[in-house]
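Per-entry structural report
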Amino acid sequence: MHDTKRIMSGLLVAVADALNSMDDREFDLLIRGEGNLRFVAASKNGLKNGKRLIIDSHIESVVNEVAQKLSDADSRESAESLIASIDQPRRKDFLILLAKASGVRVESKDTIARLERKLIETVVGSKLRSKAFKEVAF
């Protein structure tokens with residue numbers, strides 16, 4: 001019985017993680033029966049904490065392009081509109097890749113909104129604060 005509880009607990013955690021990583025569009029498709037949850041065995045290569053993000057060259061180039069645009073943003077508002085314009089099927093995974101490309105620390109409990117806020121404040125906000133300090137006459 002103890003093994004059954006442990007197995008069921010692990011299974012429920014895995015399903016909860018899968019549901020938590022889905023964006024609203026994917027969740028709606030799943031609820032309407034137009035989407036599936038599927039088990040994909042992960043090899044040991046590319047694993048981090050038991051999870052694996054598959055990065056193809058197209059996504060990598062898009063991430064790098066958006067990271068550069070975010071770095072070049074001159075206001076929080078322009079950064080917000082850039083991030084809002086991201087139209088990727090797995091939005092949270094894309095934001096995680098963008099954060100890593102931008103040197104922003106990501107935690108497993110970060111929501112999509114939290115990732116967006118971290119990206120804006122870490123990349124653009126820090127640049128604006130630095131600029132403001134340089135312009136202040138002491």
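Residues numbered from 1 in each chain as written. Predicted model: local features only at pLDDT ≥ 70, side-chain atom pairs only at ≥ 80, totals over all residues. Heavy atoms only, no water.

A look at the pattern of salt bridges
Quick reminder of the rule: Here a salt bridge means any side-chain nitrogen of Lys or Arg lying within 4 Å of a carboxyl oxygen belonging to Asp or Glu. Numbering of helices and strands runs from the N terminus; a helix is a DSSP stretch of H or I covering at least four residues, while a strand is a stretch of E covering at least two. For the exposure calls, accessible area comes from a 1.4 Å probe over protein chains only, and a residue counts as buried if that area is under 20% of its type's maximum, exposed if over 50%, partly exposed in between.
Inspection of the entire model under this criterion finds twelve salt bridges. Where Lys69 meets Glu65, a salt bridge forms, and the shortest distance between an N and an O atom there is 3.3 Å. One end of the pair, Lys69, and the other, Glu65, are both in helix 3 (residues 57–72), four residues apart, so they sit about a helical turn from each other. Judged by its relative accessible area of 45%, Lys69 falls in the partly exposed class. For Glu65, a relative accessible area of 45% corresponds to the partly exposed category.

Focus: the nonpolar core
This is how the line gets drawn: Throughout this description, the term nonpolar core refers to a set of buried Ala, Val, Leu, Ile, Met, Phe, Trp, Tyr and Cys residues connected via side-chain atoms within 4.5 Å. Two residues form a contact once any of their heavy atoms are found within 4.5 Å.
Of all hydrophobic cores here, the largest spans 22 residues; its most connected members are Val66, Leu70, Ile83, Ile86, Leu95, Leu98 and Leu119. Elements with a minimum of two residues in this core: helix 3, helix 4 (76–84), helix 5 (91–101) and helix 6 (112–135). A per-element tally of this core places helix 5 first, with six residues. Leave out the neighbours within four places in its chain, and Ile86 touches Val66, Arg91, Phe94, Leu95 and Leu98.

Re the packing of helix 5 against helix 6
To be explicit about the condition: Only the stretch in contact is used when a helix axis is fitted, and all axes are lines through C-alpha atoms; the angle between N-to-C directions ranges over 0 to 180 degrees. Here is the rule for angles: anything less than 35 degrees is roughly parallel, anything more than 145 is roughly antiparallel, 65 through 115 is roughly perpendicular, and the remaining ranges are oblique. Should the near helix be turned anticlockwise from the far one by less than a right angle, the crossing is left-handed, and should it be turned clockwise, the crossing is right-handed.
Two elements in contact, helix 5 and helix 6, have axes whose closest approach is 10 Å; the angle formed by their N-to-C orientations is 25°. By the angle between their axes, helix 5 is roughly parallel relative to helix 6. In this structure, the crossing between helix 5 and helix 6 has a hand that is left-handed. Residues Arg91, Lys92, Leu95, Ile96, Leu98 and Ala99 of helix 5 pack against Ile112, Leu115, Glu116 and Leu119 of helix 6.

A short note on helix 6
Stated formally: The span expected for a helix works out to 1.5 Å for each residue beyond the first. Bend angle per residue: angle between axes fitted to the 7 residues ending at that residue and the 7 residues starting there.
Given a rise of 1.5 Å per residue, 24 residues ought to cover 34 Å, and the 34 Å separating the end C-alpha atoms of helix 6 matches this to within 8%. The axis of helix 6 is deflected most strongly, by about 35°, at Gly125. Looking at helix 6, one finds that the buried residues are Leu115, Lys118, Leu119, Ile120, Val123, Val124 and Gly125.

Focus: helix 5
Of all eleven residues in helix 5, nine are buried; the element is thus mostly enclosed. Among the residues of helix 5, Arg91, Lys92, Asp93, Phe94, Leu95, Ile96, Leu97, Leu98 and Ala99 are the ones counted as buried. Where helix 5 ends, the next residue or the one after it, Gly103, has phi of about 75°, a positive value.

Section: the confidence of the model for the protein chain
This is how it is decided: pLDDT measures how confident the predictor is about each residue, on a scale from 0 to 100.
Across the protein chain, pLDDT averages 81, with 84% of residues at or above 70. Segment residues 43–50 is flagged for pLDDT under 50; beyond a separation of four residues in sequence, or across chains, it makes six contacts in the model.

Focus: the environment of Ala99
Structurally, Ala99 can be placed in helix 5. Sequence-distant contacts of Ala99, that is, excluding residues within four places in its chain, are made with Val104, Val106 and Leu119.

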